[in-house]
Amino acid sequence: MQNRADTNIMEFTMLDETYLGYLIEWATTPSQNDPAKWLGHFHAFKEGERTVRGSLVNPQRSAADAHTSVLRIAKVRINAAVLRPAPTGPARS
């Protein structure tokens, strides 16, 4: 999967294992503001569930650091999605 042509090209890589039933794909890319630093992005998919997405907002010193951080954030966001209570309608009397 690639993003738009007018921005940095990112090749997303799917993790071999799932996390809480979610497949995670991730990518790292040099920061446009500071090419010596790296950013990361992820998408997490699970059949029947909404896609969980996220990005690093703090550039990292290396692609490896960005990779580690983006996977950590992906797992935190998946945990939040799994633990979020189901929406409820207004109480009826």
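Let me sum up the structure you'll find in this document. All figures in this text were calculated on a predicted structure; none of them were measured in a lab. (Residues numbered from 1 in each chain as written. Predicted model: local features only at pLDDT ≥ 70, side-chain atom pairs only at ≥ 80, totals over all residues. Heavy atoms only, no water.)

**Thoughts on the overall build of the protein chain**
Consideration 1: Scanning the protein chain from terminus to terminus reveals one helix and four strands.
Consideration 2: Here the protein chain, with 93 residues, has 29% of them falling under the buried criterion.
Consideration 3: Roughly 6700 Å² of accessible area belongs to the protein chain as shown, and the carbon and sulfur atoms make up 52% of that amount. (Helix = DSSP H or I, 4+ residues; strand = E, 2+ residues; numbered from the N terminus. Buried < 20%, exposed > 50% of the residue type's maximum accessible area, 1.4 Å probe, protein only. Areas by Shrake-Rupley, 256 points an atom, 1.4 Å probe, with all protein chains shown as cover.)

**A closer look at the nonpolar core**
Consideration 1: Among the nonpolar cores identified, the biggest contains 14 residues, and Y22, I24, F42, A44, V52, V70 and L71 are the most heavily contacted of them.
Consideration 2: Elements that contribute at least two residues to this core include exactly β2 (23–30), β3 (38–45) and α1 (63–83).
Consideration 3: In terms of residue count, the dominant contributor to this core is α1 (six residues). (Core = buried A, V, L, I, M, F, W, Y, C linked by side-chain atoms within 4.5 Å.)

**Digging into the environment of E49**
Consideration 1: With respect to the helices, strands and loops of the structure, E49 is situated in the loop between β3 and β4 (52–55).
Consideration 2: The exposure class of E49 is partly exposed, given its relative accessible area of 47%.
Consideration 3: As for E49 and Y22, which are separated by 27 residues in sequence, their C-alpha atoms are 9.1 Å apart.

**Notes on the side chain of H43**
Consideration 1: Within the fold, H43 resides in strand β3.
Consideration 2: Relative accessible area serves as the criterion here: at 11%, H43 is assigned to the buried category.
Consideration 3: Within polar-contact distance, the side chain of H43 engages the side chain of E25 at 2.8 Å. (Polar contact = N/O pair within 3.5 Å; in protein donor to acceptor, adjacent residues only side chain to side chain.)

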